[in-house]
Amino acid sequence: MSKDVPTRERSVRERGTFAKHGDDPTLASYLSSLFFILSVPSFIVLTYAGYWYGLYSYGAIIPVFAGLLVGSIALVFAIMHVLTR
(Lines give C-alpha, C1' and ligand atoms only; values in the text may rest on other atoms or scores of the structure.)
Protein backbone atom coordinates (compact mmCIF):
# COMPACT_ATOMS: atom_id res chain seq x y z
CA MET A 1 0.00 0.00 0.00
CA SER A 2 1.34 3.40 -0.94
CA LYS A 3 2.09 5.91 1.78
CA ASP A 4 1.05 8.78 -0.46
CA VAL A 5 -1.61 10.94 1.09
CA PRO A 6 -3.89 13.12 -0.99
CA THR A 7 -2.23 16.49 -1.63
CA ARG A 8 -2.39 19.10 -4.32
CA GLU A 9 -1.65 17.77 -7.77
CA ARG A 10 1.96 18.39 -8.76
CA SER A 11 3.30 18.49 -12.28
CA VAL A 12 5.73 15.90 -13.56
CA ARG A 13 8.51 18.50 -13.40
CA GLU A 14 7.82 19.21 -9.73
CA ARG A 15 7.72 15.52 -8.84
CA GLY A 16 11.02 14.80 -10.59
CA THR A 17 13.11 17.94 -10.18
CA PHE A 18 12.21 18.75 -6.59
CA ALA A 19 12.06 15.21 -5.21
CA LYS A 20 13.53 14.95 -1.70
CA HIS A 21 15.31 18.29 -1.91
CA GLY A 22 13.08 20.61 0.09
CA ASP A 23 11.54 22.02 -3.10
CA ASP A 24 14.92 23.32 -4.29
CA PRO A 25 16.22 22.00 -7.62
CA THR A 26 19.77 20.71 -7.45
CA LEU A 27 22.70 21.12 -9.78
CA ALA A 28 22.67 17.37 -10.36
CA SER A 29 19.05 17.47 -11.51
CA TYR A 30 19.82 20.23 -14.00
CA LEU A 31 22.94 18.46 -15.30
CA SER A 32 21.04 15.20 -15.64
CA SER A 33 18.28 16.91 -17.65
CA LEU A 34 20.81 18.70 -19.83
CA PHE A 35 22.62 15.43 -20.54
CA PHE A 36 19.45 13.60 -21.57
CA ILE A 37 18.33 16.51 -23.78
CA LEU A 38 21.66 16.81 -25.59
CA SER A 39 22.84 13.20 -25.67
CA VAL A 40 20.53 11.75 -28.34
CA PRO A 41 21.16 14.44 -30.99
CA SER A 42 24.91 14.38 -30.32
CA PHE A 43 25.04 10.56 -30.49
CA ILE A 44 23.18 10.63 -33.82
CA VAL A 45 25.72 13.11 -35.19
CA LEU A 46 28.64 11.06 -33.81
CA THR A 47 27.24 7.85 -35.24
CA TYR A 48 26.77 9.26 -38.74
CA ALA A 49 30.16 11.02 -38.57
CA GLY A 50 31.79 7.66 -37.88
CA TYR A 51 29.99 6.18 -40.88
CA TRP A 52 30.97 9.08 -43.14
CA TYR A 53 34.63 8.75 -42.09
CA GLY A 54 34.51 5.05 -42.96
CA LEU A 55 34.90 3.63 -39.45
CA TYR A 56 32.07 1.11 -40.00
CA SER A 57 29.47 0.08 -42.57
CA TYR A 58 25.97 1.44 -43.02
CA GLY A 59 24.47 -1.60 -41.29
CA ALA A 60 26.40 -0.83 -38.10
CA ILE A 61 24.88 2.63 -37.57
CA ILE A 62 22.05 1.46 -35.32
CA PRO A 63 24.20 -0.86 -33.17
CA VAL A 64 26.82 1.89 -32.74
CA PHE A 65 24.14 4.40 -31.72
CA ALA A 66 22.59 1.90 -29.30
CA GLY A 67 26.00 1.16 -27.81
CA LEU A 68 26.74 4.85 -27.30
CA LEU A 69 23.35 5.43 -25.70
CA VAL A 70 23.43 2.42 -23.37
CA GLY A 71 27.06 3.03 -22.45
CA SER A 72 26.48 6.69 -21.64
CA ILE A 73 23.39 5.93 -19.55
CA ALA A 74 25.34 3.31 -17.59
CA LEU A 75 28.20 5.77 -17.09
CA VAL A 76 25.89 8.56 -15.90
CA PHE A 77 24.08 6.25 -13.47
CA ALA A 78 27.43 5.06 -12.10
CA ILE A 79 28.61 8.64 -11.62
CA MET A 80 25.34 9.64 -9.94
CA HIS A 81 25.54 6.60 -7.68
CA VAL A 82 29.03 7.50 -6.54
CA LEU A 83 28.20 11.20 -6.08
CA THR A 84 25.01 10.60 -4.08
CA ARG A 85 26.43 8.10 -1.59
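Cut-off values and rules
Residues numbered from 1 in each chain as written. Predicted model: local features only at pLDDT ≥ 70, side-chain atom pairs only at ≥ 80, totals over all residues. Heavy atoms only, no water. Helix = DSSP H or I, 4+ residues; strand = E, 2+ residues; numbered from the N terminus. Buried < 20%, exposed > 50% of the residue type's maximum accessible area, 1.4 Å probe, protein only. Contact = heavy atoms within 4.5 Å. Areas by Shrake-Rupley, 256 points an atom, 1.4 Å probe, with all protein chains shown as cover. Axes fitted to C-alpha atoms, helices over the stretch in contact; angles between N-to-C directions. Parallel < 35°, antiparallel > 145°, perpendicular 65-115°, else oblique. Left-handed = near helix turned anticlockwise from the far one by under 90°.

**Student:** Can you break down the overall build of the chain residue by residue, with the values?
**Tutor:** Assigned secondary structure in the chain consists of three helices and zero strands. Walking the chain from its N terminus toward its C terminus, one meets helices and strands in the order α-α-α. Looking at the chain residue by residue over its 85 residues, the buried ones come to 13%. Sequence-distant contacts in the chain: of pairs separated by 6 or more residues, those separated by 24 or more amount to 28%. A total accessible area of about 7100 Å² is found for the chain, and carbon and sulfur atoms account for 69% of it.

**Student:** Requested: an account of the packing of helix α2 (residues 27-52) against helix α3 (residues 61-83), with residues and values cited.
**Tutor:** Where α2 contacts α3, the two axes come as close as 9 Å, and the packing angle between them is 155°. By the criterion of interaxial angle, the relationship of α2 to α3 is roughly antiparallel. Helix-helix and strand crossings are classified by hand; for α2 and α3 the assignment is right-handed. The residues of α3 that touch α2, namely those facing Ala 28, Phe 35, Phe 36, Val 40, Phe 43, Ile 44, Leu 46, Thr 47, Tyr 48 and Tyr 51, are Ile 61, Val 64, Phe 65, Leu 68, Leu 69, Ser 72, Ile 73, Val 76 and Met 80.

**Student:** Can you explain the side chain of Thr 47? Please cite residues and give values.
**Tutor:** Along the chain, the position of Thr 47 falls in helix α2. Look past the residues within four positions of Thr 47 in its chain and what remains in contact with it is Tyr 56, Ile 61, Val 64, Phe 65 and Leu 68.

**Student:** Kindly report on the environment of Thr 47, identifying the contributing residues and their values.
**Tutor:** Thr 47 gets classed as buried once you look at its relative accessible area, which sits at 2%. In sequence terms Thr 47 and Ile 61 are 14 residues apart; their C-alpha atoms lie 6.2 Å from each other.

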